[in-house]
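Structure assessment
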Amino acid sequence: MAGSSGEVLSLQEYIASVDASTLPRVLQVCSGVYFQGSVYELSGSEVCLSTGDLVKVIHTELLSVSCQDVKTQETFELPASHSGLFKLVQEQVSYSSIEEIVGLMPIGGENISPFTFATCHALALGKYTLHSGEMLTFLSEETCKGQPHARCLLQNQAGSPEVLIPFSCRGEFYQYVNNNQYSISQILASPQLRCRRFLPVKAMNWNGSSGGPLIFTPVHQVQAIMHLRKNVVKFPSNLEVDVTDVTEQSKDVTFILPLSLKEVSSQPDHAFPTVAEILEEPENQTFFKCHWMSALRKGQQLIVHGHQKSHMVLASSLTGKKAKQHFFISQSYAGRLRRRPREFATVYDLFVASSKLPGLRVNVSKHCESPEEDLPSLSVGEQLEVLFTKQMELNCDGEQQIIDVLVCNRFLDEDDEDEEEQVQEQYEQICLPMYLEGNFVEKLKDNKKYSLVDIYKSFCLPLDVKVAVRDPGLENDPLGGFSALKLEQTTVEPTVLASLPDRPDVCFELPSQWLNMSLYFTDNPLPWPKDQPPKLRRETVFEVTDNFYYEFHKLISSDMPPPPRPPKRKKSSKHSPASPFPPSSVQPKGKALPTLPLEDSLPPRMDKLTISPETQSDTSLILDHTPPLLPRKPKQRNTKTQPNEYVMRPHKDKKKKVPASPSDSDHDYETVDDSMKAAQESILFY
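None of these values were measured; they are calculated from a predicted model. (Residues numbered from 1 in each chain as written. Predicted model: local features only at pLDDT ≥ 70, side-chain atom pairs only at ≥ 80, totals over all residues. Heavy atoms only, no water.)

1. Looking at the confidence of the model for the protein
Where we set the bar: Every residue gets a pLDDT, meaning the predictor's confidence in that residue, from 0 to 100. For this analysis, residues touch if any pair of their heavy atoms sits within 4.5 Å.
Per-residue pLDDT for the protein has a mean of 76; in total, 72% of the residues score no lower than 70. Under a pLDDT of 50 for its full length, residues 415–424 has, in the predicted model, 3 contacts with residues more than four places off or in other chains. Within the model, pLDDT remains below 50 along residues 633–642, and this stretch shows 7 contacts once partners closer than five positions in the same chain are excluded.

2. As for the environment of N395
The cut-off we apply is this: Helix numbering and strand numbering both begin at the N terminus, where a helix is a DSSP run of H or I of at least 4 residues and a strand a DSSP run of E of at least 2. Only protein chains enter the accessibility calculation, which uses a 1.4 Å probe; a residue is then buried when its area is under 20% of its type maximum, exposed when over 50%, and partly exposed in between.
Structurally, N395 can be placed in strand 29 (residues 383–396). Judged by its relative accessible area of 41%, N395 falls in the partly exposed class. Between the C-alpha atoms of N395 and E373, which are 22 residues apart in sequence, the distance is 8.6 Å. Setting aside chain neighbours within four positions, we find N395 in contact with D374 and Q400.

3. Examining the pairing of strand 39 (residues 541–544)
Defined as follows: Strands were regarded as paired on the criterion that DSSP finds at least two bridges between them.
Burial along strand 39 is two-sided: V541 and E543 and F542 and V544, pointing in opposite directions, are all buried. The pairing of strand 23 (residues 288–289) with strand 39 spans 2 bridges and is antiparallel. Looking at the pairing, F288 lines up with V544 of strand 39. In this structure, strand 25 (residues 326–330) lies alongside strand 39, joined through 4 bridges in antiparallel fashion. Residue pairing for strand 39: F328 is matched across the bridge by F542.

4. Digging into the sheet that holds strand 32 (residues 437–442)
To be explicit about the condition: To define axes, lines are fitted to C-alpha atoms, for helices over the stretch in contact only, and angles between the resulting N-to-C directions are given on a 0 to 180 degree scale.
With respect to topology, 6 strands assemble into an open sheet ordered 27-32-28-29-30-31, the strand pairing being antiparallel. If you trace the sheet from one side to the other, it starts and ends with strand 27 (343–346) and strand 31 (427–433), each paired once. Each neighbouring strand pair of the sheet contributes to a mean axis angle of 40 degrees, computed without reference to strand direction. Where strand 27 meets strand 32, 3 bridges bridge the pair, whose relative direction is antiparallel. Along strand 32, the bridge assignment pairs E343 with V441. Running over the sheet, helix 6 (residues 347–356) touches strand 27, strand 28 (361–364), strand 29, strand 30 (399–411), strand 31 and strand 32 and is turned about 130 degrees from strand 27.

Right under this line is the structure:
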């Protein structure tokens, strides 16, 4: 195999010649610095190949075929699936031995015919003599007396006999080119054909091709692990780098294979338990509030026990004096839970809860006044049993509308009914609109203690519970200190079961979808005697932050429609009480109201008011609503007012300034005109 003896080859030449069944192979970069040591992105991977780097090749994949025109030295690429055929070009060189010519000819393989060669000088082959120019067809390679021989067929001899020619036989030999045609895949599969020149059987119209002989070189995508690098890298094999194979010399070199938690979850079961070391600590450190979160640091070792898909429940404490807290509870939680009565804020919430769990009964804890006259109101202390939904026709401001209602049994109050009547009729059937708001508290029928698995198998979430018996497997069950918890949502989370080396028996579950971290499996021994693993104790509860809570709910979309709105009211054709005038009396924007004297701006007394016959039917409008005061007339430009001096409003027929009357007081006041007094009295009277 190329490069196995430590010889230096180009990366492309080595990858083309390496046998895929012998991978992985360790290479060392021998010459040059690719990209001057900088890190560049190639095909989605960061690659940096420098002199002295060790590269562990784990997989190769054929991408394309690089074609070089022998005449122009131009190169172009053909797809690996190219269907064209090619024929060999006659070489103008001779070979000095059988071993040399056999080593350069294609041997075997699918659809590859045996090659034919001739000798330039007479050659004695036992009882046969091969004359100059006579041809031999190579059939196979055989070993005779410990020496390699070539079994050949003598073409021009009678009966076409077969002879054995030792590889060490020397002379002057040249190849006889036949009319065999080869495909791209056949050429690339044979090392002997890859170094030969070919002509296309049909003319090619590829850029860079002059129609002359071509040399084909495969271009592979290489997947490799680089020493002390984070990820598996991918790069093309035609990088201008020289390498040498150092697989045998690098058996003691450890190549780290970084794994994310998702990749750990895909590892086979026989890989666990194992010791792992963290390469990069989690990025999302704001999601979890638990003791093991602070231990997930770079360089920290973990005992990885395996992976699984865990059924988990998101729970929250109820709002109160303390801040609201959120928890992820595993299905293996061994505590016992007792149901707590739920609270509902609308009739629609009652409908949603009863659709998941029929037979819902609630107590009314807040008076509910129905906005519709045809529907009943609710009082504190009444009991309701949810039955079914229906549609009913409702009169809304003189217009008939169809709304959704919830039909319930309302149990009669024992204090308001006689015992005989209670025996005959204990409840009445009522209809409540879906949009009715109130406060309803669930009436529970049992006081049973449930396991977490029984809870979400028997009931629909959300559900309010209280921890009646704490989980005995936990040193400190954080759920036991809450008066009530709301179980909100169930989910299936892929998790990795891990523990710390100082306490290998205390395990915790790492949610692989929510922790973006990388680690690698080390060869360190497990911290317990061989074949004596400890009995594992799992931490089934861990606290999550508000950030996690909100991100979790973003991923879960609810198909439940929003609650219905109240029916639309019919718009009244009458004028709004807030506006005492019809719309026609509203002054348009941008036009100033006319300025009138005060006497003209006030309405006359009713004894002088005359009502036209056209407006007699609308006298209520005049009596009920008085016109607003219009702005006073602005001061005349030629009026000059002395400081601290008041002027009287001029009469309509006179525009004369009235001087202020003398007074012993320190202030001067404006006198009220008799006409103004009359106007004010008329307003107050009416």
